Structure formats: structure tokens, C-alpha cells
Amino acid sequence: MITNELNDAVTANPLTVQPLAARPVATRVSLPPTRDGMIIKFNIQSFKGYAVLNTYDDGAPSELFLHVGKEGGTLHGLLCIVAKLVSLGLKYGIPAPAIADSLSDEVFEPNGFGQVGNSEVRHYGSLAEVIAEVLRRRPVERS
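Heads up: these notes are all about the structure in this document.

Conventions and cut-offs
- Residues numbered from 1 in each chain as written.
- Predicted model: local features only at pLDDT ≥ 70, side-chain atom pairs only at ≥ 80, totals over all residues.
- Heavy atoms only, no water.
- Helix = DSSP H or I, 4+ residues; strand = E, 2+ residues; numbered from the N terminus.
- Buried < 20%, exposed > 50% of the residue type's maximum accessible area, 1.4 Å probe, protein only.
- Areas by Shrake-Rupley, 256 points an atom, 1.4 Å probe, with all protein chains shown as cover.
- Polar contact = N/O pair within 3.5 Å; in protein donor to acceptor, adjacent residues only side chain to side chain.
- Contact = heavy atoms within 4.5 Å.
- Patch = residues over 30% accessible without salt bridge, like charges linked within 9 Å, V, L, I, M, F, W, Y side chains within 5 Å.
- Salt bridge = Lys/Arg side-chain N within 4 Å of Asp/Glu carboxyl O.
- Axes fitted to C-alpha atoms, helices over the stretch in contact; angles between N-to-C directions.
- Parallel < 35°, antiparallel > 145°, perpendicular 65-115°, else oblique.
- Left-handed = near helix turned anticlockwise from the far one by under 90°.
- Nonpolar A, V, L, I, M, F, W, Y, C, P; charged D, E, K, R; others polar.
- Arc of directions from axis to C-beta.

### Digging into the overall build of the chain
Scanning the chain from terminus to terminus reveals 4 helices and 5 strands. Along the chain, helices (α) and strands (β) appear in the sequence α-β-β-β-α-α-β-β-α when read from the amino end. Here the chain holds 143 residues, and 36% of them are scored as buried. With the model as given, the accessible surface of the chain reaches about 9700 Å², and the carbon-plus-sulfur share is 58%.

### Details of helix α4 (residues 127-135)
For an α-helix, 3.6 residues make a turn, and residues three or four places apart therefore share a direction. Within α4, 9 of the 9 residues are buried, leaving the element largely enclosed by the surrounding structure. Where α4 is concerned, the buried positions are Leu-127, Ala-128, Glu-129, Val-130, Ile-131, Ala-132, Glu-133, Val-134 and Leu-135. For α4, the capping residue at the N-terminal end is Ser-126, with a side-chain oxygen 3.2 Å from the backbone nitrogen of Ala-128.

### Considerations on the environment of Ser-62
Assignment of secondary structure puts Ser-62 in strand β3 (residues 61-68). Spatially, the C-alpha atom of Ser-62 lies 9.5 Å from that of Tyr-92, the residues being 30 residues apart in sequence. Here Ser-62 is in contact with Leu-31, Arg-35, Asn-54, Thr-55, Tyr-56, Ser-87, Leu-90 and Lys-91, once residues within four sequence places are set aside.

### So, a nonpolar patch on the surface
Taken together, the side chains of Leu-78, Ile-81, Leu-85, Leu-88 and Tyr-92 define a hydrophobic patch exposed on the protein surface, amounting to about 480 Å² of accessible area. Here Ile-81 is to be found in helix α2 (residues 74-91).

### What to know about the pattern of salt bridges
With the rule as written, the count across this model stands at 5 salt bridges. Between Glu-133 and Arg-122 there is a salt bridge, with its nearest N and O atoms 3.8 Å apart. Highlighted residues: Glu-133 in helix α4 and Arg-122 in strand β5 (residues 122-124), separated in sequence by 11 residues. Overlapping salt bridges bring together Arg-35, Glu-63 and Lys-91 as one network.

### Examining the side chain of Ser-104
Secondary-structure assignment places Ser-104 in the loop between α3 (96-103) and β4 (112-116). A distance of 3.0 Å separates a polar side-chain atom of Ser-104 from the backbone oxygen of Ala-100. Apart from residues no more than four positions distant in its own chain, Ser-104 is found in contact with Glu-129, Ala-132 and Arg-136.

### Structural notes on the packing of α3 against α4
Relative to each other, α3 and α4 sit at 160°, their axes nearing to 8 Å. With respect to each other, α3 and α4 are oriented roughly antiparallel. Handedness of the crossing formed by α3 with α4: left-handed. Contacts between α3 and α4 involve Ala-96, Ile-99, Ala-100 and Leu-103 on the former and, on the latter, Ala-128, Glu-129, Ile-131, Ala-132 and Leu-135. For the contact of α3 with α4, the residue count by class is 8 nonpolar, no polar and 1 charged.

### A look at α3
Of the positions making up α3, those classed as buried are Ala-96, Ile-99, Ala-100 and Leu-103. The arc that holds every buried residue of α3, seen down its axis, measures 100°, which confines them to one face. Along α3, exposed side chains directed more than 90 degrees from the buried face belong to Asp-101 and Ser-102. In this structure, the buried side of α3 is in contact with β3, α2 and α4. Asp-105 occupies a position one or two residues after α3 and carries a positive phi of about 65°.

Okay, here's the thing in C-alpha cells:
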């Protein structure tokens, strides 16, 4: 009975469900074996780590690696997963500013005053905001 009502509702409004075959498919951009990037040291309160942000030839971020704490630690593992997901998004064409905006304004521990690279010391609500700050970085021009 419920199934018939659901089928009738979907049939009455065809814009509700889009067939999987009709959805656009993103393509992954392959990275060259050698690529430019930067290593950014960050700290928030007493928590310290490094972010490696590699870039495409045009300077746009292409992948992110985070090195924090000790191997096998819970926070280290979770941040590695976040970095992998961010990297996949970048490789499939999601703009870095869009990812950074979605990570901003999250509040959880560790939080407090910190620094990303050579920037001024400011308050970060969480490590997600630190990652957003890293993604907004642009590589230094080489002469």
C-alpha cells in the first residue's frame, strides 16, 4: 500500500527523481609524476602539524597531505582520511575555495589561537578551519 503511494508520488512529479544515467559524471584529472607544492607548518594551541599542498601546473591545489601526531593515533588517522577526501574532491574538479568554505566555521577541539605558515596568529575554531586556511594558500612565485 505504501509502495503504491510512493510510486504514484514519483510518477506525478518526474523532476523529483533523476535517473542515474542522466546525471553528469565527473572525470578525474591525473597528476604528473613530479609536481610543485608547499609544506605549511601549523599549530593551534599546543597541537602542531604539517600540511603538504601539491598543485597543478597553473598553481591550483591538486592534493593535500596532513602530518600530525603519531602514526596510529586516532586524530592522525581521521585527518589522513579528511586529506584523502579533500584530495579526491580536488582531482574531480571541486574548486579549493568551495571546499575551504564548507570547512570554515566548524567548532570543535582542538581550537584556540594558532598560526598557519607565516600568517598572523588568530583564533581557529577547529582543525577544519586550519585545513580551510591551507587550501586558500597560493604557492610563492619562483624567479
